[in-house]
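Structural overview
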Amino acid sequence: MSIERSLKQYELDRREAVKLAAKLLLASGTTSPRVGGVGECTIHIIDDECEIDELAHKVEALAEENKAWKMFKRDAAMLRDADAVLVITSLRCLTDPADINCNMCGRLTCEYYRKVERIPAGPGVAFTGPLCVFRANNMAYAIDAVIQQARAMGIDYGVFWSAGVAAMRMKIVPRDAGFCVAVAISVTEKSPFRDVPVKYDEMNERTMNDRIIKRLWPQFRSIYS
Amino acid sequence: MAVKNMNDMLQDGLDRAVELMMVAAHNSYRFGNRNTITCVSVGKEEMEQIAEFAYSLGDMSPLAARDGRFLRDLIKEPCALLVFGDRRKSDLNFNCGACGYRTCAELNKAEEMESLTARGPSCQFKNISLNIAANAAASLAWRLGLHCRVFSTLAMAAFALQIIPDVDVVTSVAVSTARVDPFFDRHKFWTQEHWDETFSREFPTFTRGFIGAIE
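Residues numbered from 1 in each chain as written. Chains lettered and ligands numbered in written order. Predicted model: local features only at pLDDT ≥ 70, side-chain atom pairs only at ≥ 80, totals over all residues.

With that settled, consider the overall build of chain A. Along chain A, the regular secondary structure elements total eight helices and four strands. For chain A, the proportion of its 225 residues judged to be buried stands at 47%. Looking at chain A alone, contacts between residues at least 24 apart form 76% of all its contacts between residues at least 6 apart. (Helix = DSSP H or I, 4+ residues; strand = E, 2+ residues; numbered from the N terminus. Buried ≥ 20, exposed ≤ 12 C-beta atoms within 10 Å, placed from the backbone. Contact = placed C-beta atoms within 7 Å.)

Written out as structure tokens, the structure is:
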């Protein structure tokens, strides 16, 4: 095997590892607990470079919609470095409350909850709440199952609700999805989701495309973050 | 060398496992990089109280009654119950709308609704962080080979009995080192006749030939 061939093979194998890992993470997320034992979550893998970029683009656009979402720009920079994104959805939290009158949404009973007016969808609104909190909590189990499995396999991960909102806006998740969160994964030597310096959306591996900077930046990033 | 009794070792192992579960939960992933979760390990006496209270809710919630009755059996063998709780108000400033209010400030100013099970309205992301902690504990228990199940009913009973202080929303994880897994397939609580009767009452169409042919 030539040197060129071995390097190319390494890159191909790395990409293959990402695809396999994403599927195993999906399996772990799918089998995690659900309240009342009622299934409702779906997990969608996005592992195409261009599709991840589209998602990151949407996340960036969302940052302009709401003053509280300025950190979405930083999220977009991180997402662009991700190898795959798993979008986790909750399909019942918007349309099918759990009927156990838990009051976590603050409406005392599910009957009152059904009559509450929802926030209309529009710019600056991520989720058209109120959601059935009891149902949406299933997301927590799915997210953590993905995280636990990623940790067990030694895969770097980052959790982004911004990408979940972007996926909902892009209509690439089922229509009933009322709540979405994304877990991005990376199989690289340096996790793109850790050691994130200030102004990361402006100064990152993509924007600092200069040979000397490229040589020095990784170490600078490690020290000053 | 002294011979150590199996039951003593099981109890010691369980105690250690519960401590490790607490560590896993405490260090689990959180949204907004904040760690405000409270967690307690409930003793046998309190578990008895929880069991009685949950069972007494039979008319209101069959699910709570089921778990209360089950907990009375569970405490006969080595077991533990971890109750997790958090405050309902948001300090995240995500302004996401999931709670039904446009901003976190609106949610924090909204009228608090009191009930036996939780105080609402609560921040969705705080809830998710809380349940991630519960899942981290459950996940470790699973890997350690403990019998394990996540219970919201028992946590709500603990909340109503004020066993866990200064929290608004709760969840719980029960673990056990019983001889067989006590948490799933709990068929011993009803007879075949009772099951058949309940099933035919709840799902009358299942045994019907075609719609309209009652007798």
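Having seen it, we continue.
Attention now moves to the pairing of strand β6 (residues 169-176) of chain B. Residues and elements named next belong to chain B. Counting buried residues in β6 gives eight out of eight residues, a clear majority hidden from the surface. Residues of β6 alternate between two faces, with Val-169, Thr-171, Val-173 and Val-175 on one and Val-170, Ser-172, Ala-174 and Ser-176 on the opposite face, all of them buried. Here eight bridges tie strand β2 (residues 79-86) to β6, and the two strands are oriented antiparallel to one another. Note that in β6 the partner of Gly-85 across the bridge is Val-170. The pairing of strand β5 (residues 147-151) with β6 spans five bridges and is classified as antiparallel. Looking across to β6, one finds that His-147 is bridged to Ser-176. (Pairing = 2+ DSSP bridges.)

A word on the confidence of the model for chain B. Of all residues in chain B, 96% have pLDDT values of 70 or greater, and the mean over the chain is 92. As a predicted assembly, this complex carries a pTM of 0.89 together with an ipTM value of 0.87. (pLDDT = per-residue confidence, 0-100.)

Another point: the interface of chain A and chain B. Listed by partner, the interface residues are 35 residues for chain A and 33 residues for chain B. Going through the elements one at a time, α5 (133-136) and α6 (138-153) of chain A are the ones with two or more residues in the side of chain A that touches chain B. Broken down by class, the residue content of the side of chain A that touches chain B amounts to 25 nonpolar, eight polar and two charged. (Nonpolar A, V, L, I, M, F, W, Y, C, P; charged D, E, K, R; others polar.)

A few words on the nonpolar core. One broad trend across soluble globular proteins is that nonpolar side chains are buried collectively. Of all hydrophobic cores here, the largest spans 133 residues; its most connected members are Leu-79, Val-85, Leu-86, Ala-184 and Ile-185 of chain A. Examining the composition of this core, we find that 11 residues originate from one element, helix α5 (residues 124-144) of chain B, more than from any other. Ignoring any residue separated from it by four or fewer positions in sequence, one finds Ile-185 of chain A in contact with Val-18, Ala-21, Ala-22, Leu-25, Ala-82, Asp-83, Ala-84, Ala-150, Ile-155, Asp-156 and Tyr-157 of chain A. (Core = buried A, V, L, I, M, F, W, Y, C linked by C-beta atoms within 7 Å.)

Okay, the sheet that holds strand β1 (residues 38-42) of chain B next. All names here are of chain B. One open sheet accounts for four strands, arranged β1-β2-β6-β5; its pairing is antiparallel. The strands lining the two open edges of the sheet, one partner per strand, are β1 and β5. This sheet shows a mean twist of 20 degrees between the axes of neighbouring strands, independent of strand direction. In the packing of helix α1 (residues 6-26) onto the sheet, contacts are made with β1, β2 and β6, and the angle to β2 comes to roughly 20 degrees. Lying over the sheet, α5 contacts β2, β5 and β6, oriented at roughly 5 degrees with respect to β6. (Axes fitted to C-alpha atoms, helices over the stretch in contact; angles between N-to-C directions.)

A word on the packing of helix α3 (residues 62-74) of chain B against helix α6 (residues 153-160) of chain B. All names here are of chain B. Two numbers describe how α3 lies on α6: the axes approach to 9 Å, and their chain directions differ by 85 degrees. Considering the angle they form, α3 stands roughly perpendicular to α6. Only Thr-153, Leu-154 and Ala-157 of α6 make contact with α3, whose side of the interface consists of Leu-63, Ala-64, Asp-67 and Leu-71. Within the contact of α3 with α6, the residues separate by chemical class into five nonpolar, one polar and one charged. (Parallel < 35°, antiparallel > 145°, perpendicular 65-115°, else oblique.)

Accessible area lost during the coming together of the parts is what is often quoted as the interface size. All names here are of chain A. The assigned domain composition of chain A is domain 1 (10-191) and domain 2 (195-225). On a C-alpha basis, the centroid separation for the pair domain 1 and domain 2 is 28 Å. Contacts between domain 1 and domain 2 engage eight residues on the former and seven residues on the latter. Residue classes in the side of domain 1 that touches domain 2 are distributed as three nonpolar, no polar and five charged. (Domains from an automatic or database assignment.)

All names here are of chain A. Judged by pairing direction, the sheet is antiparallel, and its four strands sit side by side in the order β1-β2-β4-β3 without closing on themselves. Two strands bound the open sheet, and with one partner strand each, they are β1 (41-46) and β3 (156-160). In this sheet, adjacent strand axes meet at a mean angle of 20 degrees when their direction is disregarded. As paired elements, β3 and strand β4 (residues 179-186) share five bridges and run antiparallel to each other. Across the sheet, the residue bridging to Gly-158 is Ala-184, located in β4. Its contacts with the sheet place helix α1 (residues 3-30) against β1, β2 (84-90) and β4, and it is angled at close to 20 degrees to β2. Along the sheet, helix α3 (residues 72-80) makes contact with β2, β3 and β4, crossing β3 at roughly 145 degrees.

The next point concerns the packing of helix α2 (residues 49-63) of chain A against helix α7 (residues 161-169) of chain A. For any two helices packed against each other, the geometry is given by the interaxial angle and the distance between the axes. All names here are of chain A. For the pair α2 and α7, interaxial distance at closest approach is 9 Å and the crossing angle is 100 degrees. In terms of their interaxial angle, α2 and α7 are classed as roughly perpendicular. Counted together, Leu-55, Lys-58, Val-59 and Leu-62 of α2 and Ser-162, Ala-163, Val-165, Ala-166, Ala-167 and Arg-169 of α7 form the full contact between these two elements. Of the residues that constitute the contact of α2 with α7, the class distribution is seven nonpolar, one polar and two charged.

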